[in-house]
Amino acid sequence: MLLDAVRVLDLAGADADAVTRLLADLGADVLKVEPPSGSPARTAAPLLDGVSIPFALHNANKRSVVLDPAQDRDRRRFAELVATADIVVDSGRPGRAADFGTSCAELADRFAHLVTMSVTDFGQSGPRSSWQATDAVLYALSGALSRSGPTTGTPVLPPAGIASATAAVQAAWAVLVAYYNRLRCGTGDYIDFSRYDAVVTVLDPVFGAHGQAAAAQRTSRRWRGRPRNQDAYPILPCRDGYVRLCVMSPRQWRGLWSWLGEPAEFADPKFGVIGERFAVWPQISALIRQLFADQDMLDLVAAGQSRGVPIAAVGDPAQVLEQEHFVAAQAVTRAELAPGLSAAIPTGYYVVDDQRAGFRSPAPACGDADAEWLTGPSTGPASDTAVGARPFEGVRIVDLGVIVAGGEASRLFGDMGAEIIKVESPAYPDGLRQARPGEAMSESFAWTHRNNSGFGLDLRSPAGKEIFARLVGTGDAVLANFKPGTLAALGFSYEVLRELNPRIVLAESSAFGETGPWSDRMGYGPLVRATTGITALWTATDDEGDAQRHPFYDATTVFPDHVVARVAAIGALAALIGARRTATGSHVHVSQAETAVNQLDTSYVARAAGQAVQPDTAVDLVCPCAGDDEWCVISIRTDADMRAVATAFDDPALAADDRFGTGAARAAHHAELAAVLGRHTAAQPPAAVGELLQAAGVPAAPMNRPPDVADDPQLAHRSVFAPMTHPLIEQALPAETGPAPYRNIPPALQRPAPLPGQDTREICRAVLVLEDDETDKLIADGVLFAAD
């Protein structure tokens, strides 16, 4: 396993359990410290036969040790474990370390080799450091809520679970970066990790790539409106449900036009352009509706895929874990959640060297392990970088990734000092390069490909293959997100890459993975969301709706692209860590669809179990506030929260109302509760509601728009963004400063994103050691290209 030599002491709970589960999947020895009564997360709903589904899923592959801070012997053993660990992860304020009279910051001070991370909702300092967050609060503050829902009326909360899972992935990336840095410089770090920071920068970043269809759009940073186009990826009814189309290219449009019977009014080639189709979409949509009305979802998907038309069924979340594809790909398995209690569960994010790197053993019983490590201590560092240098300096990545998921993965390494050589073909430029007429670069490309070098190469030509082979021989990793089989068809399967460079790491992502009946399907994020049931979850529970429109509202999200990039980057980094130990590379593959399923693992396992599950009765409410289209969210988790809300609004009748007296009653009367609370919130600004209820201990927050995110005092206090300038873009762009604040790692670099082929000549000279006349001839022959 890639992280076999890594020792992780897990003090975390609840939302942070998933951080260390991810490290355990990749082979780390994760030892969970619990009090004699067990982790409080063991009782977290939803429950199946009394067993917490989230605890069971997010603590698989770990071991448990019970340490009582009231006992001197256990306090000494805790200190011994910390001293011999590589990574310590804690969560909450003040966290479990406080029970032993310390903190993650103090542990990092005491043990120079140690990487420690404290995971909290908003970080340890700043004006919101004492606030509490639920997924709904994170969606509201991050700007995700403001882009979800109809153009007018109540915004629609994204599915619960995605925000927390996204933050867990970012935390795993942040802590693994610090550990890699420790291997290189010998000194650990302390990371004050904020889940809010992570959701702002990773889930649907206001200041980040918005996908191929939106790459050329540039709107005012101060715009406070709601999304105008909720059907960029149209969903249409059929006999047994809905299907989604994602027609992007002229060739895909021609396939759809042929399927429609080649209507003469749309024969003009101009309709191959997305904008031209949008202008007449009502007319085209009427033809599609007529074609689809009497056909079943599966028949339509098969017919569309055979014509080269990207199409997917809108899947049922309760059936996702039984899908033939996921079963065949071993992306789900039937396993014990507890002794004698089994369920279908996702196996995890990764395939490593053609083997599943995921679920191996169920969550441990409380105190099932001796307080000993399974592995010997990590070998001493090579000390090949100084403390304070960027961790990936000297690492060379050959980047074939495109659009968001591919481009972001390499950018994460570039931000931390790696040399990124972005390989582009003149015939197939990155889709994020689409820019408005007269502009040389889109903002999406500038954000996603900063700290890259542009290398123009025709990889399909024999001479181009030779150049690429030489490039691989100099590199540490190759990143790609092609359709499975594409690299092999080009002559560069992992076996070939390993022959060229035994230490090379290949990290790939694709829509549906390398195996299974859907692996060769055309895939875009909207189709992945539809197929995995996320689209069906992304709907308003009490939506009166438009009779002419479907009820789904996930058209404006880029999920799961940004999080897939982090998942792939973690896999690549784990492989680089493994290569330091074994001098052998690895092949890591990540499926977007499997990533989406794992992000919502608790929800899917609970839905598949049906009525046997004791549900989570917490409710998340979106309520109107004073002002034009202003909203807030309020999360009521417990009866105590309900009483606190009633007190804060000075409404004794609210606390006495039988409809809202218990969790089950509140869940059953969700819409009525929202209406009652809305009468209180409608007279107040959204920020005031958030302040009032947070002071009462209730998670609540205003719905932020892009200007609010830009001006957020908590983000400013933590320096989450810094202005990034590009010579081809008029205004400075807010850009993230790194995965988290570190003590010993500087903020992200900000070298401007390149034009196509901008650095071809320099790469030929410095990396490939070609003479200038050789480079000139290769350019003249069309093997290479360089920017003027």
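Residues numbered from 1 in each chain as written. Predicted model: local features only at pLDDT ≥ 70, side-chain atom pairs only at ≥ 80, totals over all residues. Heavy atoms only, no water.

Sorry, what's going on with the packing of helix 5 (residues 135-142) against helix 6 (residues 162-185) here?
Helix-helix packing: each pair is described by the crossing angle between the helix axes and the interaxial distance. Contact geometry of helix 5 with helix 6 gives a least axis separation of 8 Å together with a crossing angle of 80 degrees. Accordingly, the angle class assigned to the pair helix 5 and helix 6 is roughly perpendicular. Contact residues: Asp 135, Leu 138 and Tyr 139 in helix 5; Ile 162, Ala 163 and Ser 164 in helix 6. For the contact of helix 5 with helix 6, the residue count by class is 4 nonpolar, 1 polar and 1 charged. (Axes fitted to C-alpha atoms, helices over the stretch in contact; angles between N-to-C directions. Helix = DSSP H or I, 4+ residues; strand = E, 2+ residues; numbered from the N terminus. Parallel < 35°, antiparallel > 145°, perpendicular 65-115°, else oblique. Contact = heavy atoms within 4.5 Å. Nonpolar A, V, L, I, M, F, W, Y, C, P; charged D, E, K, R; others polar.)

Any chance you could explain the packing of aromatic side chains here in plain terms?
How two aromatic rings sit relative to each other is given by the distance of their centres and the angle of their planes. Within the structure shown, the criterion is met by 15 aromatic pairs. With centroids separated by 6.2 Å and ring planes inclined at 65 degrees, the aromatic side chains of Tyr 349 and Tyr 350 adopt a geometry described as edge-to-face. On the basis of relative accessibility, which here comes to 1%, the residue Tyr 350 falls in the buried class. Taking the centre distance of 5.8 Å and the plane angle of 80 degrees together, the rings of Phe 512 and Trp 518 count as edge-to-face. The pair Phe 512 / Trp 518 is uniform in exposure class, with both members buried. (Phe/Tyr/Trp six-rings, centres within 6.5 Å; stacked < 30°, edge-to-face > 60°. Buried < 20%, exposed > 50% of the residue type's maximum accessible area, 1.4 Å probe, protein only.)

What's the story with helix 26 (residues 670-681) in this structure? I'm lost.
Turn by turn, an α-helix covers 3.6 residues, leaving residues three or four places apart pointing in a common direction. In this model helix 26 runs 16 Å from its N-terminal to its C-terminal C-alpha over 12 residues, within 8% of the 16 Å that 1.5 Å per residue would give. Residues of helix 26 that are buried include every one of Leu 673, Ala 674, Val 676, Leu 677, Gly 678 and Thr 681, and no others. Buried residues belonging to helix 26 abut strand 23 (619-625), strand 24 (630-636), helix 23 (639-648), helix 24 (652-656), helix 25 (663-668) and helix 27 (686-695). (Expected span 1.5 Å × (residues − 1).)

Can you help me understand the packing of helix 20 (residues 561-582) against helix 21 (residues 592-599) in this one?
Contact geometry for helix 20 and helix 21: axes closest at 10 Å, N-to-C directions at 100 degrees. By the angle class used here, helix 20 and helix 21 are roughly perpendicular. Listed contacts from helix 21 to Asp 561, Val 563, Val 564 and Val 567 of helix 20 are Gln 592, Thr 595 and Gln 599. Residue composition of the contact of helix 20 with helix 21, by class: 3 nonpolar, 3 polar and 1 charged.

Honestly, the side chain of Ser 635 in this entry has me stumped. Any pointers?
You can see Ser 635 is positioned in strand 24. Excluding residues within four positions of it along the chain, Ser 635 makes contact with Thr 134, Ala 136, Val 137, Val 619, Asp 620, Asp 641, Val 698 and Pro 699.

Would you take a moment to explain unusual backbone geometry for this structure?
Glycine aside, residues mostly have negative phi angles, and peptide bonds mostly take the trans form. Cis geometry is adopted by the peptide bond preceding Pro 46, which originates at Ala 45 and carries an omega value of 0 degrees. Tracing the backbone shows Pro 46 in the loop between strand 2 (29-34) and strand 3 (47-48). A cis amide bond links Arg 93 with the next residue in sequence, Pro 94, at an omega value of 10 degrees. Even without glycine at this site, Glu 262 takes up a positive phi of about 55 degrees. One can find Glu 262 in the loop between helix 8 (250-259) and helix 9 (274-279). Overall, Glu 262 belongs to the partly exposed group, its relative accessible area being 46%.

Explain the sheet that holds strand 22 (residues 613-614) here, please?
By definition, the strands of a sheet pair up through backbone hydrogen bonds, in either a parallel or an antiparallel sense. Strands sit in the order 4-3-22 across an open sheet of 3 strands; the sheet is antiparallel. Looking along the sheet, the strands with just one partner apiece sit at the ends: strand 4 (51-52) and strand 22. Two elements, strand 3 and strand 4, share 2 bridges in a ladder whose sense is antiparallel. Looking at the pairing, Leu 47 lines up with Ser 52 of strand 4. (Pairing = 2+ DSSP bridges.)

Even after reading the chapter, I still don't get the pairing of strand 10 (residues 241-245), so can you show me in this structure?
Remember that side chains alternate between the two faces of the sheet whenever the strand is regular. Strand direction decides the pairing type here: strand 9 (residues 235-238) and strand 10, joined by 4 bridges, are antiparallel. Note on strand 10: the bridge partner recorded for Cys 238 is Gly 241.

I tried to follow the pattern of salt bridges on my own but got confused; where do I start?
Between side chains of opposite charge, pairing is possible as soon as their charged atoms come close. Throughout the structure, instances matching the rule amount to 40 salt bridges. Between Asp 712 and Arg 128 there is a salt bridge whose closest N-O contact spans 2.7 Å. Of this pair, Asp 712 sits in the loop between helix 28 (706-710) and helix 29 (713-717) while Arg 128 sits in the loop between strand 7 (115-120) and helix 5, and the two are 584 residues apart along the sequence. There is no split in this pair, since Asp 712 and Arg 128 are both buried. The salt bridge partner of Arg 356 is Glu 594, with a shortest N-O separation of 2.9 Å. (Salt bridge = Lys/Arg side-chain N within 4 Å of Asp/Glu carboxyl O.)

Looking at this model, I keep getting lost on a negative patch on the surface. Mind explaining?
A cluster of like negative charges, contributed by Asp 353, Asp 354, Glu 495, Glu 499 and Glu 514, occupies part of the molecular surface. Considering the arrangement of structural elements, one finds Glu 514 in the loop between strand 20 (505-510) and helix 18 (525-531). (Patch = residues over 30% accessible without salt bridge, like charges linked within 9 Å, V, L, I, M, F, W, Y side chains within 5 Å. Areas by Shrake-Rupley, 256 points an atom, 1.4 Å probe, with all protein chains shown as cover. Lys, Arg positive; Asp, Glu negative; His and termini not counted. Charge placed at Lys NZ, Arg CZ, Asp CG, Glu CD.)

Is there a simple way to think about the domain arrangement of the protein chain in this case?
When cut into domains, the protein chain gives domain 1 (247-309) and domain 2 (617-711). A separation of 44 Å is found between the C-alpha centroids of domain 1 and domain 2. (Domains from an automatic or database assignment.)

Is there a simple way to explain the sheet that holds strand 23 in this structure?
Pairing within the open sheet is antiparallel, and its 3 strands lie in the order 23-24-25. Of all strands in the sheet, those bounded by a partner on one side alone are strand 23 and strand 25 (700-702). Here the average twist between neighbouring strands, direction ignored, is 20 degrees. The pairing of strand 24 with strand 25 spans 3 bridges and is antiparallel. Looking at the pairing, Val 633 lines up with Ala 701 of strand 25. Sheet contacts for helix 5: strand 23, strand 24 and strand 25; angle to strand 25, the most-contacted strand, approximately 15 degrees.

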